[in-house]
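# Analysis of the macromolecular model
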Amino acid sequence: MKILFCEDDFDTAEFVVAVLKSAGHVVEYAQTADQAVTLFDSNAKNGDAHFDIIVTDIEMAGHSGLFFASYARAQGFEGRIAVYTGYERDVVISSLQAVNAEFWPKPQSAQCLAHLVDGSHAPCGEGVRCGLYESCGVKCEGK
């Protein structure tokens, strides 16, 4: 899969990018939402393969990850968008619904991240897919 990952915390980004690349995914990394917009636009402009999934934090310097998610949807992105955040699901549920995004709570183990990217996670209701449990039913929050 080709993944656009947007995260301002360098340690988190380093871990997630390494995990995703070791699982065979192609990852483009942006540290801000503005950088993510630039990568998204240049990818489309150059005729490169589209992104299969966008994974973004919420709180970052400048624009938020939700701004970027809204931007991607407005540009016609129909793929998966996941919001990887330390916020509680109940706090962000309406924002996730507005951009048709999945909720991925921080932190996650390498195994859980692989399951989340592959889509093997369960819906948590309220119209949002959620990374709180793997589809096998094993609780997977930061373990």
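Right, let's walk through the structure included here. (Residues numbered from 1 in each chain as written. Predicted model: local features only at pLDDT ≥ 70, side-chain atom pairs only at ≥ 80, totals over all residues. Heavy atoms only, no water.)

## Remarks on the packing of helix 1 (residues 10-22) against helix 5 (residues 110-118)
Packed helix pairs are specified by the crossing angle of their axes together with the interaxial distance, meaning the distance between the axes. Between helix 1 and helix 5, whose axes approach to 10 Å, the crossing angle comes to 65°. The handedness of the crossing between helix 1 and helix 5 comes out as right-handed. Counted together, Phe15, Val16, Val19 and Leu20 of helix 1 and Ala110, Leu113 and Val117 of helix 5 form the full contact between these two elements. Residues belonging to the contact of helix 1 with helix 5 are distributed by class as follows: seven nonpolar, no polar and no charged. (Axes fitted to C-alpha atoms, helices over the stretch in contact; angles between N-to-C directions. Helix = DSSP H or I, 4+ residues; strand = E, 2+ residues; numbered from the N terminus. Left-handed = near helix turned anticlockwise from the far one by under 90°. Contact = heavy atoms within 4.5 Å. Nonpolar A, V, L, I, M, F, W, Y, C, P; charged D, E, K, R; others polar.)

## What about the nonpolar core?
Of all hydrophobic cores here, the largest spans 23 residues; its most connected members are Phe40, Ile54, Phe68, Phe77 and Ile81. Only strand 1 (2-6), helix 2 (33-45), helix 3 (65-74), strand 4 (80-85) and helix 4 (89-98) provide two or more residues apiece to this core. Every residue in contact with Phe68, bar those within four places of it in the chain, is listed here: Leu4, Ala33, Ala36, Val37, Phe40 and Ile54. Formed by 16 residues, the second largest nonpolar core is a distinct cluster that contains Ile3, Val17, Val55 and Ala82. (Core = buried A, V, L, I, M, F, W, Y, C linked by side-chain atoms within 4.5 Å. Buried < 20%, exposed > 50% of the residue type's maximum accessible area, 1.4 Å probe, protein only.)

## Notes on the packing of aromatic side chains
This model, assessed by the stated rule, comprises four aromatic pairs. Chaining the aromatic ring pairs together yields one cluster made of Phe40, Phe68, Tyr71 and Phe77. Between Lys2 and the ring centre of Phe51, over which it is positioned, the NZ or CZ distance is 5.1 Å. (Phe/Tyr/Trp six-rings, centres within 6.5 Å; stacked < 30°, edge-to-face > 60°. Lys NZ or Arg CZ within 6 Å of the ring centre and 35° of its normal.)

## Details of the environment of Phe68
Following the sequence through the fold, Phe68 ends up in helix 3. Its relative accessible area of 0% is what places Phe68 among the buried residues. For the pair Phe68 and Thr32, spaced 36 residues apart in sequence, the C-alpha separation works out to 9.2 Å.

## Side note on helix 1
If you check helix 1, its first and last C-alpha atoms are 18 Å apart, about what 13 residues at 1.5 Å a residue would give, namely 18 Å. Residues of helix 1 that are buried make contact with strand 1, strand 2 (26-30), strand 4 and helix 5. Positioned one or two residues after helix 1, Gly24 has a phi angle of 95°, which is positive. (Expected span 1.5 Å × (residues − 1).)

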